[in-house]
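Commentary on secondary and tertiary structure
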Amino acid sequence: MSFFEIDPRLSALDRKALALAKEQFAEIDRVTEYNQQKVLAAFIRHRVSEAHLGGSTGYGYGDIGRETLEHIMADCMGAEDALIRHSFASGTHTLSVALFGLLRPNDRVLCLTGRPYDTIIGVFGIDGSSDGSLADFGVIYDEVALTPDGKPDLSGIRQALTAQEVQVAYIQRSRGYSTRPSLTVEEIEALCKLVEEVSPQTVIMVDNCYGEFVEEKEPCDVGADLVAGSLIKNPGGGIAPSGGYIAGRQDLVERCAHRMTCAGVGREVGATLGHNRELYLGLFSAPHVVGEALKTAVYTAALFGELGYSVAPRFDEKRGDIIECVTLGSEEGLVAFCRGMQSGAPVDSFVVPEPWDMPGYDDPVIMAAGAFTGGASIELSADGPLRPPYAAWMQGGLNFHSAKTGVLLAAQSMLEAGALHFSNEVNRE
Ligand SMILES: *Cc1c(COP(=O)(O)O)cnc(C)c1O
């Protein structure tokens, strides 16, 4: 019995995509098992018990669940220390707390990976905003543009670090919504070595969003001093209802803690309000869920690659994050893709996405998201601006079986809209 109507040509391609991706799936399983054991070992090392899963109220002094989870998170990130809190409102908020924790007036921060993710631009104050940005507090921002192939410009970075004293070197691991490739941990290691060689006193901070548990190593394993990320992406395992984490060198985490609450109080407060269990269960599930999201990305790359569309990364390329970019080539294609994916979501499947003028974007944006947690992009989701080349950035998938159905329905919806072309009928970029 079949629950969804999928064109037989797509069903044939579905089997072909699965066969193509066999090796990649085996490698994802291998990394998942490694990271799952890493997390399990940390739970065991820190003797997690039912007592840790309860919560605190008020100031939250001495919350043993919160404190133990922070030690576990540090271990998982290859770090000395960590903060992990449901009260971080978003990834941007978490990164902002970390940056304000590290930087002081007249300090200089150098972004090594070109223009950062959209929402971080306001935190640095690159856009000239004066609503409490780092620039507003006298922190100087500089960046080294990427090379034409989207890689960090090592000689440009060397020059910039030599020319000026730099307090924080900032690295963005994920591609975000750009067309550059995401950084692998190996590439982050090369950047760390370069900074260490040219400017050993510079603190290296990594925006780790979408990168956690994608590889065996994390940035702090290879020389980064501090990482931060969102709990409604990879490390929340689809279960954390909100929050973020910061991990790294103990003295730096401590500085961030004083920014997170207030100077002189730091990490000692912060009631967990009953969220400990979700944060523990989410972190425990995270390696597996990231594996499912990676399989979904690889499968999508294989399926749409076979259909003749331009995909990045290709199904057999090394990945640094869970994002897949599919260039759909037409407005009708992009809209139908998002509508089809939405129709296969467990929540809000009946909603029909419409392009809208999102603040901060020049072109209308269309999004597909039917998630248990609002805005969670570890759950299957896609979006893209309505402008050529009409690319959809998709990510997530709590479990591969459901997520691949969403991807198949996206293709089916394109077919029904007359916007799907099988490979012999063009549509290469
Ligand atoms: C998601 C993301 C962030 C933070 O975004 P929020 O929407 O605030 O959680 C920052 N940087 C990158 C690269 C991201 O992908």
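Please refer to the structure higher up on the page.
Residues numbered from 1 in each chain as written. Predicted model: local features only at pLDDT ≥ 70, side-chain atom pairs only at ≥ 80, totals over all residues. Heavy atoms only, no water.

1. Let's talk about the overall build of the protein chain
- In terms of regular secondary structure, the protein chain is built from 11 helices and 12 strands.
- Taking 22 Å as the expected radius of gyration for a compact globule of 429 residues, we find that the protein chain reaches 22 Å, a close match to that expectation.
- Taken along the three principal axes of its C-alpha coordinates, the protein chain extends 65 × 55 × 40 Å.
- Residues counted as buried form 55% of the 429 residues belonging to the protein chain.
- For the protein chain, the accessible surface area stands at approximately 18,000 Å², while carbon and sulfur atoms represent 52% of it.
- The centroid of the 34 positive side-chain charges in the protein chain is displaced by 4 Å from the centroid of its 58 negative side-chain charges. (Helix = DSSP H or I, 4+ residues; strand = E, 2+ residues; numbered from the N terminus. Rg over C-alpha atoms; globule rule 2.2 N^0.38 Å. Buried < 20%, exposed > 50% of the residue type's maximum accessible area, 1.4 Å probe, protein only. Areas by Shrake-Rupley, 256 points an atom, 1.4 Å probe, with all protein chains shown as cover. Lys, Arg positive; Asp, Glu negative; His and termini not counted. Charge placed at Lys NZ, Arg CZ, Asp CG, Glu CD.)

2. Digging into the packing of aromatic side chains
- All chains considered together, the criterion is met by 12 aromatic pairs.
- Ring geometry for Tyr177 and Trp393: centres 6.3 Å apart, planes at 80 degrees, overall edge-to-face. Here Tyr177, found in the loop between β4 (168-172) and α7 (185-198), pairs with Trp393, found in strand β12 (residues 391-395); they are 216 residues apart in sequence, far enough to count as distant.
- By relative accessible area, which is 28% here, Tyr177 ends up partly exposed. (Phe/Tyr/Trp six-rings, centres within 6.5 Å; stacked < 30°, edge-to-face > 60°.)

3. Here's the deal with the sheet that holds strand β9 (residues 324-327)
- Taken in spatial order, the 5 strands line up as β8-β9-β12-β11-β10 in an open sheet, and their pairing is antiparallel. Pairing within the sheet leaves two strands with one partner each, and these edge strands are β8 (310-312) and β10 (365-369). The sheet shows a mean angle of 15 degrees between the axes of neighbouring strands, taken without regard to direction.
- One ladder, built from 5 bridges, connects β10 with strand β11 (residues 381-385); its direction is antiparallel. The residue bridging Ala369 from the neighbouring strand is Ser381, located in β11. (Pairing = 2+ DSSP bridges. Axes fitted to C-alpha atoms, helices over the stretch in contact; angles between N-to-C directions.)

4. Observations regarding the pairing of β12
- Of all 5 residues making up β12, 5 are buried, and the element is well covered by its neighbours.
- Residues Ala391, Trp393 and Gln395 of β12 are buried on one face, and the alternating residues Ala392 and Met394, pointing to the opposite face, are buried as well.
- Bridge count for β9 against β12 is 4 bridges, and the pairing is antiparallel. When the sheet's bridge partners are listed, Glu324 is paired in β12 with Met394.
- One ladder, built from 3 bridges, connects β11 with β12; its direction is antiparallel. Bridging across to β12, Asp383 finds its partner in Trp393.
- Between β11 and β12, which pair antiparallel one after the other, the connecting turn spans 5 residues, and Tyr390 there sits at a positive phi close to 55 degrees.

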